[in-house]
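Descriptive analysis of the structure
Spelled out from the first residue to the last, the chains are:
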Amino acid sequence: MDILKIRDAKDVEQAVQAAIAAEQPLEIVGHGTKRAVGQPTATNAVLDLSALNGVTSYEPNELILTVEAGAPMADIKSLIDSKNQEFDFEPMDTSALLGTASLSGTIGGTIAAGLAGPRRIKSGGARDHLLGVAAVSGFGESFKAGGRVVKNVTGYDLCKLIAGSWGTLAVMTEVTLKVMPKAEHEVTLVLHGLDDVAANRAMSAALGSSFDVSGAAHLPQSAFRGAIGALASLGSQGSVTLLRLEGIGASVTHRANSLTAALASFGKADRCEDTASQAVWVAIRDVTPFAASGPLGAWPVWRIVCPPASGGAFGRELARETGGDVIYDWGGGLIWAALPPSADAHAGHLRAKLAAIEGHATLIRGSDPLRRAIDVFHPHSDGVAALNRRVKSSFDPRDILNRGRMTLVPPI
Amino acid sequence: MSIMMPVPDQAILDRRSSIVAALRAIVPGEGVIDSAAEMQPYESDGLTAYRQPPMVVVLPDTTEQVSRVLRYCHDNGIKVVPRGAGTSLSGGALPLADGVLLGMGKFKRIRDIDYENRTVVTEPGVTNLAISQAVAHEGFYYAPDPSSQIACTIGGNIGENSGGVHCLKYGMTTNNVLGCEIVLISGEILRVGSKAPEQAGYDLMGIITGSEGLLGVVTEVTVRILKKPETARALMIGFPQVEASGECVARVIGAGIIPGGMEIMDKPAIHAAEAFVHAGYPLDVEALLIVELDGPAVEVDELILRVEKIARDCGATTLQISNSEQERLLFWAGRKAAFPAVGRISPDYLCMDGTIPRGKLPQALARIRELSEKYGLGVANVFHAGDGNLHPLILYDANKPGEMDKAEAFGADILRACVEFGGVLTGEHGVGVEKRDLMPEMFSDIDLAQQMRLKCAFDPQGLLNPGKVFPTLHRCAELGRVHVHGGKLAFPDLPRF
């Protein structure tokens, strides 16, 4: 295995050009923490961007950050934390789920994976916060897209496409992101003992209110089998439904009281606040109930996205049919499912069921052989699949970048 | 017209009557318009400086018809210009002499309202405002609110990635759409996204939004709706210098306050607006800042105090706080009417749309003043100050020889300055024909080639809305060529491990 360690953005261009000439596909990695996501890539050459790790500019008053793609998330987070700011899309740290070293991962990998956390329902995903990008395409050309301002419609919005493309379209070398001030105060309302469908209704009611809910999750009792850390304190009496309110003090208190009253028919809500609340949402964001080190560590894990109001019934049935465990985020719009091992990790069954509710599922954790055998990413209709292949070719006609990572049968 | 459009294809024009007949076979009755008089309303969009009658207008009312029209045009090499309500300020719907103008105005039905999932599924010809009105009785609304919202359609909003006063806090169109049905130029009908909060695979919705009608024709849209905030109040703050108002905006944002809207008007804009709507604007200030805060009353009250303090620290000389919904709307009335108000004081005006980093506002204003003197043309400024989006209105008289050219040159210089200050050519109006030839100010040939390659993935013959967005057209075969460098010498000087 060739590992090519990049020193600067120019190196990336040169490496991709050389790869084109040598007809040598490249696997693009930062810290490599998410290499086990996707179809195993068809390459033996790795382009390592971890040395491309500088901060180009940070303007807290503009709420804008420009960093090189290989910059460690841990460093970036502490940098913006020093100005009391954060990424509003609450990017997931996959280390607990995938069993990699904690606090690792780069900003490039984070954007390429596009795995947004609980606040996505209010603030959007990685794609909504990526304002500009400099990258090298599979043509071996350095290009930029977007800009360094929040409001921009100049040319196609290539940033949207690159966020969540798992390194298959271009090698990002620098990204410009929107950052936001942290909330002054947060309160989480905790409802106890609701089944998945009732919890879904409670979350829909909360998200359909004017109380500006920034997190809506449900953990069935089964999620506490191996409960660790922050979640342990919540689950002793059974399932919990969590609704987060953030903002300035008086407003959060007012909204918490109003929402408690509005949801009275679902039971009496407890509260947890600030540090305790933050810890709970980090655990949900990072899916710690299914941690690699936990009791379900050997089970494949699916990330299912569906219309939020369909989530509760869907997840409950899926869990019952497969004997698996589920937890819900995004008011039911995101279901994490750890399913007992089987030949296809229940992919066929799961996706057939999802067709009825227009949802989709991605295998986030699965063994190498499993990921060689099934579609890791949700298969598209023929027309959309063909369009996606043309889009891929428009960035990377020789299929040099992360070949085969998003498609079971490589294109061409 | 001072902009070059693709040269009309005489062979196509020669076949006009058979093309019209073929289109009539697809869209019967009054859905095909070919008389000069009836086509006149379609000659121009909101950028009225440019006019061009189309070859023929087609107004389909089903997805199937759209598909058949596009397939016919594709098979026969005929150009197509999609159009919503025709409110584009950048000439996005400017017709082509040898092109079919595809009007989507008959797609007027809201198909599904789903409060549980907080979504609306609608046809593209529904106006932006009509979506909010359809859900208002349940206290919901659709957040993006371009000033033209009473007329502009959601399909056009997708094309342009429209913004509005409230996008500072609630995002642009792209942040508020979940999915669509789109017809490619080949006639193929695709579904992208759904009511789910995120799409599978590549974010095609993200690329379709803001593509200015160059990638496909949207025939159905799924948008997110939000519950209305409990309350909203506005502050109207006067400053003796424009720079101080800019500083105030930067400090509000820097303090972690994201208002629902934050707008600046300069003195000429204030005077024009006040004369037009009598909103009670102070006339002795150089800049007026309107800050709207929304949310629960306790939050709004608290934030008003914080903004008030920041404003006073920045040297505000007048400050009013709305105490009723009527008063809040009055504060906004002048701002919302700023364009027509300026239209009253000048025979013509050109509305620019650059974005700059917020902190560069004072420099940008100084530059606009210099340019105003250089060109000898007046300018009134309104800004979406919270997100650095400038709307300088250049005042001119099209009847005076050469003045329109001078206004356009002035506008181009403003946009060049925006790029120089680290900003962009357009914040919300789109590139269209208006800013097309300025694209190289912001993008290299390679940057533009990459965008055009994506266009090729959707429309390899370049039949959809040619002459917009890209200053020069290239063949897809040429764009798709890979230049192989350096022979077989793999990875020459990279360290290996």
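Reading the values: the criteria
Residues numbered from 1 in each chain as written. Chains lettered and ligands numbered in written order. Predicted model: local features only at pLDDT ≥ 70, side-chain atom pairs only at ≥ 80, totals over all residues. Heavy atoms only, no water. Salt bridge = Lys/Arg side-chain N within 4 Å of Asp/Glu carboxyl O. Helix = DSSP H or I, 4+ residues; strand = E, 2+ residues; numbered from the N terminus. Buried < 20%, exposed > 50% of the residue type's maximum accessible area, 1.4 Å probe, protein only. Domains from an automatic or database assignment. Contact = heavy atoms within 4.5 Å. Buried area = accessible area lost by both parts, 1.4 Å probe. Core = buried A, V, L, I, M, F, W, Y, C linked by side-chain atoms within 4.5 Å.

**Brief notes about the pattern of salt bridges**
In total, this model carries 55 salt bridges over all chains according to the counting rule given. For A:Glu184, the salt bridge goes to B:Arg306, with nearest N and O atoms at 2.6 Å. Linking A:Glu184 in the loop between β10 (180-181) and β11 (185-192) with B:Arg306 in helix α11 (residues 297-313), this pair reaches from one chain into another. Judged by its relative accessible area of 24%, B:Arg306 is partly exposed. For B:Arg109, the salt bridge goes to B:Glu123, with nearest N and O atoms at 3.5 Å.

**So, the domain arrangement of chain A**
Residue and element names in this part refer to chain A. What the domain assignment reports for chain A is domain 1 (48-181) and domain 2 (183-396). When each unit is reduced to the centre of its C-alpha atoms, the spacing between domain 1 and domain 2 is 23 Å. Tallying the contact residues gives 28 residues for domain 1 and 32 residues for domain 2. Buried area between domain 1 and domain 2, both sides added, is near 2,400 Å², and the carbon and sulfur share of it is 66%. Three residues, Leu97, Pro118 and Ile121, lead the burial of domain 1 against domain 2; their summed loss comes to 27% of the area buried on that side. In this structure, the connection of domain 1 to domain 2 is made through two salt bridges. Here Arg119 ties to Glu246 by a salt bridge, and the two come within 3.0 Å at their closest N and O atoms.

**Considering the domain arrangement of chain B**
All names here are of chain B. Structurally, chain B comprises domain 1 (10-103), domain 2 (110-227), domain 3 (231-420) and domain 4 (443-479). Placing a centre on the C-alpha atoms of domain 1 and another on those of domain 4 gives a separation of 22 Å. Across the boundary between the two partners, domain 1 contributes 13 residues, which contact six residues of domain 4. Note on domain 1 versus domain 4: buried area summed over both sides is about 700 Å², and carbon and sulfur give 59% of it. Considering only the side of domain 1, the residues that lose the most area to domain 4 are His74, Lys79 and Val80, jointly responsible for 42% of the buried surface there.

**Examining the nonpolar core**
Within the largest apolar cluster, 213 residues are counted, with the highest numbers of intra-cluster contacts made by A:Trp302 and B:Ile208. The greatest single-element share of this core, amounting to eight residues, is contributed by helix α15 (residues 403-420) of chain B. Judged by nonpolar contacts, the second largest core, of 26 residues, contains B:Ile19, B:Cys73, B:Val80 and B:Phe107.

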